[in-house]
Amino acid sequence: MVHAGTALQRVSAVLEMSWSWCDETVQAASYYSVRLWFLRVGLYQLERPKEQADDWMWIIDHTVVLGPWKCLIILGVRQSTWDPEDRVLGHGDVELIDLVPVRESNGDIVYRQLKAAVAKTGVPREIVSDGGSDLHRGIERFRRSHRKTVWMYDIKHKTAALLKHALQRDRSWQEFLDHANRCKQQVSLTELAGLAPPNQRSKSRYMNLDALTDWAQRHLALLDDRKAIRAAGLKPKRVEAKLGWLRKFIPQVHRWGEMLQLAGITEHYVRHEGIHAAAPDELADRLPKPTTPAAKRLRKDLLEFVRGQSQQVQGDERLLGSSEVLESLIGKLKDVTGESGRHGLTGMVLSLGALVGNLDVETIRTALAEVRTREVWHWCRKHLGPTVQSIRAKIRNALAKEQKPPPLPTESG
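First things first, this report covers the structure right here in the doc. (Residues numbered from 1 in each chain as written. Predicted model: local features only at pLDDT ≥ 70, side-chain atom pairs only at ≥ 80, totals over all residues. Heavy atoms only, no water.)

**Regarding the overall build of the chain**
Part 1 of the argument: Across its full length, the chain holds 16 helices and five strands.
Part 2 of the argument: Within the span of the chain, comprising 413 residues, buried residues form 48% of the whole.
Part 3 of the argument: Considering only intrachain contacts with a sequence separation of at least 6, the fraction spanning at least 24 residues in the chain is 74%.
Part 4 of the argument: Accessible area for the chain stands at about 22,100 Å²; split by element, carbon and sulfur atoms hold 51% of it. (Helix = DSSP H or I, 4+ residues; strand = E, 2+ residues; numbered from the N terminus. Buried < 20%, exposed > 50% of the residue type's maximum accessible area, 1.4 Å probe, protein only. Contact = heavy atoms within 4.5 Å. Areas by Shrake-Rupley, 256 points an atom, 1.4 Å probe, with all protein chains shown as cover.)

This is the structure in structure tokens:
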């Protein structure tokens, strides 16, 4: 389940199927048993002692779900254990340092959470996060007390912020979005449905820039290839009538493509190489020289950002510049547990501990031997109030009682 990403509710069926192939007659554990094992391992990973050291790098973020709760997640990896051959962090490379559900968050609360986490690892050398106001205020206060700790702004959030700023100044972007939306409405229920633009997401890092630019580049090439259109069983005149508007955006699509290429190369470099003294020069060699003014400005901004980050390193050390592993972990938690936030924050958040670190057979055996089910329930009661799901259940039960019809009278005699 952990390695394959199998949904928790399907584990029992998968085990039964596997044993049947081996001609073994074994009763698979129920979903509820597997769920409790998962939570016990998660609690063990959360509470087991960590090494005290001065080279920890923390990756932190808030996971926000339906309801009043937020949860601060702190992952950690030591510089001394960071693989120099493969610096892209996987779930097995990091440890769960802390998991702190709160009803409200601000800079003071985040500061206290970070201060409490120091007892587990020692003062970290680095903290990586996005630019969320609560996190940033808390980290800055923490750094005033711990001068050796540096803060790195996650590279994906930075590139997204720069692209967003550039698009907000680009009047043609909104015009392009309007055309794409109308085109989608016009072709979705026709033989041209396969040419429809991708859905425009309301929340997107690049404000749909990457998906729409890729679509535009491919379909501009299609417009100039009548043979390919006919091979698809379509009529060139019909395709031209619905997609011909793309031609007026050729310069803009080229500009947006250059910008996306610069952002992608920068993200890839920082994920694979981290932040170090030579990072600005190495990145400059890898970034192409763009032809459009907007892309030239973006290249300059990206190099300035990496240069500013690299000024915080000492000597030949290398620091993290990406929090991608944490975002990936939250996504995996949703896939495995089947919870996407629609039920609010539940005890399943404890499962994060079971998705990180060296989860070998011996670790699982030790976790199940040392952590009892009652300790899981105690953690949930201590850190979580009534969930959105439990409140809904109480409402359903209350309504069911009120709406229950009275018993029919029985005839006497």
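**Concerning the packing of aromatic side chains**
Part 1 of the argument: Considering all chains together, one arrives at 10 aromatic pairs under this definition.
Part 2 of the argument: Plain terms: the ring middles of Trp-58 and Phe-142 are 6.2 Å apart, the flat faces sit at 40 degrees to each other, and that makes the pair tilted. Of this pair, Trp-58 sits in strand E1 (residues 56-64) while Phe-142 is found in helix H4 (residues 133-145), placing the two residues 84 residues apart along the sequence. Phe-142 matches Trp-58 in its accessibility class, with the two residues each being buried.
Part 3 of the argument: In textbook terms, an aromatic cluster arises when at least three aromatic residues are bridged by ring pairs, as seen for Trp-173, Phe-176, Trp-215, Trp-245, Phe-249 and Trp-256. (Phe/Tyr/Trp six-rings, centres within 6.5 Å; stacked < 30°, edge-to-face > 60°.)

**Examining the side chain of Asn-208**
Part 1 of the argument: Considering the arrangement of structural elements, one finds Asn-208 in the loop between helix H6 (171-187) and helix H7 (209-223).
Part 2 of the argument: Asn-208 has contacts with Trp-173, Asn-199, Gln-200 and Arg-201, leaving out every residue within four places of it along the chain.

**Structural notes on the pairing of strand E4 (residues 126-129)**
Part 1 of the argument: In E4, alternate side chains face the same way, and those of Glu-126 and Val-128 on one face and Ile-127 and Ser-129 on the other are all buried.
Part 2 of the argument: Inspection of the sheet shows E4 paired to strand E5 (residues 150-153) by four bridges, in the parallel sense. Across the sheet, the residue bridging to Val-128 is Met-152, located in E5.
Part 3 of the argument: Taken together, E4, H4 and E5 constitute a β-α-β crossover, and its handedness is right-handed. (Pairing = 2+ DSSP bridges. Right-handed = clockwise from strand over helix to strand, strands pointing away.)

**Remarks on helix H12 (residues 293-310)**
Part 1 of the argument: With 18 residues, H12 ought to run about 26 Å at 1.5 Å a step, and its terminal C-alpha atoms sit 26 Å apart, in line with that.
Part 2 of the argument: Of all the residues in H12, the buried ones are Ala-294, Ala-295, Leu-298, Arg-299, Leu-302, Leu-303, Phe-305, Val-306, Gln-309 and Ser-310. An end-on view of H12 places all buried positions within 165 degrees of arc, on one side of the element.
Part 3 of the argument: Along its buried surface, H12 packs onto E5, helix H5 (155-168), helix H10 (250-273) and helix H11 (279-286). (Expected span 1.5 Å × (residues − 1). Arc of directions from axis to C-beta.)

**Remarks on the packing of H10 against H12**
Each pair of packed helices gets described by two things: the angle between the helix axes and the distance between those axes.
Part 1 of the argument: Taken N-terminus to C-terminus, the directions of H10 and H12 make an angle of 15 degrees; their axes are 9 Å apart at the nearest point. With respect to H12, the axis of H10 lies roughly parallel. In this structure, H10 crosses over H12, and the sense of that crossing is right-handed. Residues Arg-255, Glu-258, Met-259, Leu-262, Ala-263 and Thr-266 of H10 touch H12, and the partners they reach there are Ala-294, Ala-295, Leu-298, Arg-299, Leu-302 and Val-306.
Part 2 of the argument: Split into classes, the residues belonging to the contact of H10 with H12 amount to eight nonpolar, one polar and three charged. (Axes fitted to C-alpha atoms, helices over the stretch in contact; angles between N-to-C directions. Parallel < 35°, antiparallel > 145°, perpendicular 65-115°, else oblique. Left-handed = near helix turned anticlockwise from the far one by under 90°. Nonpolar A, V, L, I, M, F, W, Y, C, P; charged D, E, K, R; others polar.)

**Examining the pairing of strand E3 (residues 95-102)**
Part 1 of the argument: With seven of its eight residues buried, E3 lies for the most part within the structure.
Part 2 of the argument: The pairing of strand E2 (residues 70-78) with E3 spans seven bridges and is antiparallel. When the sheet's bridge partners are listed, Ile-73 is paired in E3 with Leu-99.

**With respect to the environment of Phe-249**
Part 1 of the argument: Within the secondary structure, Phe-249 sits in the loop between helix H9 (236-243) and H10.
Part 2 of the argument: Classification of Phe-249 as buried rests on a relative accessible area of 1%.
Part 3 of the argument: In the structure, Phe-249 is positioned 77 residues away from Ser-172 in sequence and 8.2 Å away in space, judged by C-alpha atoms.
Part 4 of the argument: Not counting residues up to four positions away in its chain, the partners in contact with Phe-249 are Ser-172, Glu-175, Phe-176 and His-179.

**A word on the pattern of salt bridges**
Close approach of charged atoms lets side chains of opposite charge pair.
Part 1 of the argument: In total, this model carries 20 salt bridges according to the counting rule given.
Part 2 of the argument: The salt bridge involving Arg-125 is made with Glu-317; its shortest N-O contact spans 2.6 Å. Taken as a pair, Arg-125 in the loop between helix H3 (107-121) and E4 and Glu-317 in the loop between H12 and helix H13 (324-337) lie far apart in primary sequence, 192 residues in all. As far as burial versus exposure is concerned, Arg-125 and Glu-317 are alike and both buried.
Part 3 of the argument: Its salt-bridge partner being Asp-170, residue Arg-255 comes within 2.8 Å of it at the nearest N-O pair. Placement of the pair is Arg-255 in helix H10 and Asp-170 in the loop between H5 and H6, with a sequence separation of 85 residues. In terms of burial, Arg-255 and Asp-170 fall into one category: buried.
Part 4 of the argument: One network of salt bridges, in which partners are shared, links Glu-51, Asp-55 and Arg-78. (Salt bridge = Lys/Arg side-chain N within 4 Å of Asp/Glu carboxyl O.)

**Things to note about the packing of H5 against H12**
Part 1 of the argument: Remark: H5 packs on H12, axes separated minimally by 11 Å, with the N-to-C direction vectors making an angle of 150 degrees. When the axes of H5 and H12 are compared, the pair comes out roughly antiparallel. In this structure, H5 meets H12 at a crossing whose hand is right-handed. The segment H5 lies against H12, with Ile-155, Lys-158, Thr-159, Leu-162 and Leu-163 engaging Leu-298, Asp-301, Leu-302 and Phe-305.
Part 2 of the argument: In the contact of H5 with H12, the residues fall into six nonpolar, one polar and two charged.

**Focus: the nonpolar core**
Part 1 of the argument: Counting residues in each nonpolar core, the largest one holds 112 residues, and the members touching the most others are Trp-58, Leu-75 and Phe-176.
Part 2 of the argument: Ranked by residue count, the leading element in this core is H10, at eight residues.
Part 3 of the argument: For Leu-75, the contacting residues outside a window of four places in its chain are Met-57, Trp-58, Ile-59, Val-94, Glu-95, Leu-96, Ile-97, Val-325, Leu-326, Leu-329 and Val-356. (Core = buried A, V, L, I, M, F, W, Y, C linked by side-chain atoms within 4.5 Å.)

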